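Listed below are the residues making up each chain.
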Amino acid sequence: MADPSSSSPISLNVLLHEIEATPQTYWRNLLGILRQFRQNVASTPPTPNPEQAQQNQAAVDLLDSWLGDDEDEAEHQQAWDFLETALDEDRLSDRPLFP
């Protein structure tokens, strides 16, 4: 059997023609075969696209580089404290934004 990924796309009309060409007494078996095939295909992980995998890896590397920065944790805490205070100032509500 030919590799389905290397052949031209198949239309629904072609599939329907093949079903109609099959004697109706075999349709129940054909339906069972189609359902089993669909379940097997759905449980099989898709073949990764090399180009997409490369783009994904570039995004992962970028995120890893951001997480790997050796910045001082105290600097982060100081920046958060400043933002928290600035956001709570001049609020219309008496309730703080960050309790």
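In this text the structure is predicted, and so the values were computed from the model without any measurement.

This part takes up the overall build of the protein chain. A count of helices and strands for the protein chain gives four helices and zero strands. Starting at the N terminus, the α and β elements of the protein chain follow one another as α-α-α-α. Taken across its 99 residues, the protein chain has 0% of its residues classed as buried. Carbon and sulfur atoms provide 58% of the accessible area of the protein chain, an area that totals close to 9,700 Å².

Before going further, it helps to examine a nonpolar patch on the surface. A cluster of nonpolar side chains, Ile10, Leu12, Val14, Leu15 and Leu16, forms an exposed patch at the surface whose accessible area comes to about 480 Å². Note on placement: Ile10 falls in the segment before α1 (12–21). Take Ile10: its relative accessible area is 58%, and that puts it in the exposed class.

Attention now goes to the confidence of the model for the protein chain. Of all residues in the protein chain, 89% attain a pLDDT of 70 or more, and the chain-wide mean is 82. Per-element mean pLDDT across the protein chain ranges from 86 in helix α4 (residues 73–88) up to 90 in α1.

Rules and cut-offs
- Residues numbered from 1 in each chain as written.
- Predicted model: local features only at pLDDT ≥ 70, side-chain atom pairs only at ≥ 80, totals over all residues.
- Heavy atoms only, no water.
- Helix = DSSP H or I, 4+ residues; strand = E, 2+ residues; numbered from the N terminus.
- Buried < 20%, exposed > 50% of the residue type's maximum accessible area, 1.4 Å probe, protein only.
- Areas by Shrake-Rupley, 256 points an atom, 1.4 Å probe, with all protein chains shown as cover.
- Patch = residues over 30% accessible without salt bridge, like charges linked within 9 Å, V, L, I, M, F, W, Y side chains within 5 Å.
- Salt bridge = Lys/Arg side-chain N within 4 Å of Asp/Glu carboxyl O.
- pLDDT = per-residue confidence, 0-100.

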